[in-house]
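Observations on chain architecture
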Amino acid sequence: MRILIVEDERDLGAAVQERVRLDGHAVDWFMTLEDARAAMATVDYDFMLLDLGLPDGSGRDLLREIRATSSDIAILITTAEDQISDRIAGLSEGADDYIVKPYDLNELVARIAAVARRYAAPRRQVHYRIGEITIDRENRSVSRSGRVLDLTAREWAIMELLSRHPGRIYSRQQIDTALYALDHDVDSNTVEVFISRLRKKVGNTVIRTVRGRGYCLADGEAV
């Protein structure tokens with residue numbers, strides 16, 4: 001998933017970002033509501049970890065703004081142990097879950113996975129088949145004739161993006177953005193390099209190049 005962390009505690013934010021990335025997610029981290037709003041204006045996030053106490057306002061303000069739109073992003077709020085009223089209000093205003101500080105990072109990723117499972121079925125098909133290739137979004141894997149392929153985190157990031165809406169054309173810039181969340185040192189030819197590597201694993205016909213526009217998955221079926 002593409003995950004947005006909004007957390008102003010520097011040490012905690014860095015630790016959470018590192019731990020969540022280990023599970024194969026693309027993660028952006030910001031410390032203010034202003035920066036979070038700017039990021040959401042340009043990136044389609046699947047999940048948000050939202051602290052309620054931020055330097056430029058309450059995370060509840062952003063929560064209400066999001067739930068007033070058509071966005072279906074999953075939101076997990078974090079709060080200090082003594083702020084019971086904020087937790088109740090946050091859940092009432094549309095948060096999907098909450099976790100109390102200080103929290104265990106392994107519990108956090110378990111809660112992220114649990115909330116994501118609730119969203120997976122209604123939001124999109126989690127399996128997509130193109131010939132002998134099956135993309136399993138729930139387990140973040142790609143198999144060929146039943147054999148799971150060994151993909152790197154960046155190769156999966158590309159497949160995950162393309163499989164969100166099979167047939168939709170994603171520009172090089174959109175793919176760059178997905179890779180940038182995993183590694184800020186993205187070279188000018190990174191997309192082409194990883195598309196080439198993916199084609200060697202999944203076959204040349206699975207990922208189509210649309211000249212002058214970008215890349216998309218070939219026609220397949222949801223299963």
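Treat the numbers as computed from the prediction; the structure is a model and nothing was measured.

1. A look at the domain arrangement of the chain
By the assigned domains, the chain splits into domain 1 (2–120) and domain 2 (127–222). With centres defined by C-alpha atoms, the gap from domain 1 to domain 2 works out at 27 Å. Taken over both partners, the interface formed by domain 1 and domain 2 buries close to 810 Å², and the fraction arising from carbon and sulfur atoms is 43%. Linking domain 1 to domain 2 there are one salt bridge. Aspartate 46 is the salt-bridge partner of arginine 164, the closest N and O atoms lying 3.0 Å from each other. The leading source of residues in the side of domain 1 that touches domain 2 is strand 2 (residues 26–30), at three residues.

2. Some words on the environment of glutamate 18
Residue position: glutamate 18 is located in helix 1 (residues 10–22). Residue glutamate 18 is classed as exposed on the basis of its relative accessible area of 55%. Distance from glutamate 18 to leucine 54, taken between C-alpha atoms, is 21 Å for residues 36 residues apart in sequence.

3. Structural notes on the packing of helix 2 (residues 33–40) against helix 3 (residues 59–67)
When two helices pack together, you describe them by how their axes are tilted relative to each other and by the distance separating the axes. Running from amino to carboxyl end, helix 2 crosses helix 3 at an angle of 25°, the nearest separation of the two axes being 10 Å. When the interaxial angle is binned, helix 2 and helix 3 end up roughly parallel. Regarding helix 2 and helix 3, the two cross each other, and that crossing is right-handed. From helix 2, Leu33, Ala36, Arg37 and Met40 reach across to helix 3, where they touch Gly59, Asp61, Leu62, Glu65 and Ile66. Looking at the contact of helix 2 with helix 3 residue by residue, the classes come out as five nonpolar, one polar and three charged.

4. Notes on the sheet that holds strand 2
The sheet built from five strands is open, its strands ordered 2-1-3-6-7 with parallel pairing. Two strands in the sheet have a free side with no partner beyond their single neighbour: strand 2 and strand 7 (97–101). The sheet shows a mean angle of 20° between the axes of neighbouring strands, direction not considered. Two strands pair when backbone bridges link them, and strand 1 (residues 2–6) and strand 2 are joined in this way by five bridges, in the parallel orientation. Opposite valine 6, over in strand 2, you have phenylalanine 30 as the bridge partner. Helix 4 (residues 84–92) contacts strand 6 (74–80) and strand 7 of the sheet and is inclined by roughly 170° relative to strand 6.

5. Describing the environment of glycine 212
Note that glycine 212 resides in the loop between strand 12 (207–210) and strand 13 (214–217). Using a relative accessible area of 84% as the deciding quantity, one classes glycine 212 as exposed. A C-alpha to C-alpha distance of 8.8 Å links glycine 212 and serine 171, two positions 41 residues apart in sequence.

6. A closer look at the sheet that holds strand 14 (residues 221–222)
Strand order in the open sheet made by the five strands is 11-10-9-8-14, with antiparallel pairing throughout. Two strands in the sheet have a free side with no partner beyond their single neighbour: strand 11 (147–148) and strand 14. As paired elements, strand 8 (residues 127–130) and strand 14 share two bridges and run antiparallel to each other. Looking at strand 14, one finds that tyrosine 128 is bridged to alanine 222.

7. Structural notes on the confidence of the model for the chain
Interpreting fine coordinate detail is not advised for predicted regions of low pLDDT. Taken residue by residue, the chain gives an average pLDDT of 86. The fraction at 70 or more is 91%. Mean pLDDT across the elements of the chain ranges from a minimum in helix 7 (residues 172–180), with 78, to a maximum in strand 3 (residues 47–51), with 95.

Conventions and cut-offs
- Residues numbered from 1 in each chain as written.
- Predicted model: local features only at pLDDT ≥ 70, side-chain atom pairs only at ≥ 80, totals over all residues.
- Heavy atoms only, no water.
- Domains from an automatic or database assignment.
- Buried area = accessible area lost by both parts, 1.4 Å probe.
- Salt bridge = Lys/Arg side-chain N within 4 Å of Asp/Glu carboxyl O.
- Helix = DSSP H or I, 4+ residues; strand = E, 2+ residues; numbered from the N terminus.
- Buried < 20%, exposed > 50% of the residue type's maximum accessible area, 1.4 Å probe, protein only.
- Axes fitted to C-alpha atoms, helices over the stretch in contact; angles between N-to-C directions.
- Parallel < 35°, antiparallel > 145°, perpendicular 65-115°, else oblique.
- Left-handed = near helix turned anticlockwise from the far one by under 90°.
- Contact = heavy atoms within 4.5 Å.
- Nonpolar A, V, L, I, M, F, W, Y, C, P; charged D, E, K, R; others polar.
- Pairing = 2+ DSSP bridges.
- pLDDT = per-residue confidence, 0-100.

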